[in-house]
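# Per-entry structural report
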Amino acid sequence: MPPHISTLLGLTKEEECPVMQGVVHTGSLVQGLDVSVANKNDIILFVVDETANDQSLYLTSPEGALRKVVAVKAGVGDVVRITDKEREAFKKEKQFWVDRLVPLAQKMKVR
């Protein structure tokens, strides 16, 4: 993860943050899930609109609690106050990944 984003999320101080990443690309929409290599409790869900060059990042935990939101507009990132709108967007992204990861984990247990 780039230093400026990692710093805005509070994960590092102007240093890259190595992550394990999963990404789904649908048209101009990219949805991703990052897990910090240094601290597996730092999970970031992100959505990129490639057409508008906008990005939303949601710092969460393994329990699914929303901890911080960062919005990047035209390449400039800012920490966003968490409102009902951000909570609803986060809930949608969290469900997107739960729907993909839970069936995968269940398949892995069967084998």
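Given the structure is predicted, the values throughout are model-derived calculations rather than measurements.

Reading the values: rules and limits
- Residues numbered from 1 in each chain as written.
- Predicted model: local features only at pLDDT ≥ 70, side-chain atom pairs only at ≥ 80, totals over all residues.
- Heavy atoms only, no water.
- Phe/Tyr/Trp six-rings, centres within 6.5 Å; stacked < 30°, edge-to-face > 60°.
- Helix = DSSP H or I, 4+ residues; strand = E, 2+ residues; numbered from the N terminus.
- Buried < 20%, exposed > 50% of the residue type's maximum accessible area, 1.4 Å probe, protein only.
- pLDDT = per-residue confidence, 0-100.
- Pairing = 2+ DSSP bridges.
- Axes fitted to C-alpha atoms, helices over the stretch in contact; angles between N-to-C directions.
- Core = buried A, V, L, I, M, F, W, Y, C linked by side-chain atoms within 4.5 Å.
- Contact = heavy atoms within 4.5 Å.

## Some words on the packing of aromatic side chains
Under the criterion given, the structure shown has two aromatic pairs. A centroid spacing of 5.9 Å and a plane angle of 50° characterise the contact between Y58 and F90, whose relative ring orientation is tilted. Here the residue Y58 occupies a position in strand β4 (residues 54-60), and F90 occupies one in helix α2 (residues 84-110), the gap between them amounting to 32 residues. There is no split in this pair, since Y58 and F90 are both buried. Aromatic pair F96 and W97: ring centres 5.2 Å apart, planes at 85°, arrangement edge-to-face. An identical accessibility class is assigned to F96 and W97; each is buried.

## Here we look at the confidence of the model for the protein
A residue-level look at the protein finds 91% of positions with pLDDT of 70 or above and a mean pLDDT of 91. Here α2 is the element of the protein with the lowest mean pLDDT, 82, and β4 is the one with the highest, 97.

## Examining the sheet that holds strand β3 (residues 43-49)
Ordered in space as β1-β2-β3-β4-β5-β6, the six strands form an open sheet in which the pairing is antiparallel. A single partner strand is all that each edge strand has here, and the edge strands are β1 (19-26) and β6 (76-80). Sheet twist, expressed as the average angle between the axes of neighbouring strands with direction ignored, equals 15°. Where strand β2 (residues 29-36) meets β3, seven bridges bridge the pair, whose relative direction is antiparallel. If you follow D34 over to β3, its bridge partner there is I44.

## Looking at the nonpolar core
Grouped together as the largest cluster of nonpolar side chains are 13 residues, with contacts concentrated most on M1, I5, L9, L11, I44 and L57. Elements that contribute at least two residues to this core include exactly β3, β4 and β5 (68-73). Tallying contributions element by element places β3 first for this core, with three residues. Apart from the residues lying within four places of it in its own chain, the contact partners of L11 are M1, S6, C17, D42, I44 and L59.

## Overview of the pairing of β2
Across the eight residues of β2, seven count as buried, placing the element largely inside the fold. Bridge analysis of β1 against β2 gives eight bridges, and the strand direction is antiparallel. Pairing of V19 across the sheet is with S36, part of β2. Between β1 and β2, which pair antiparallel one after the other, the connecting turn spans two residues, and G27 there sits at a positive phi close to 60°. Here β2 hands over to β3 after six residues, the two strands then running antiparallel side by side.

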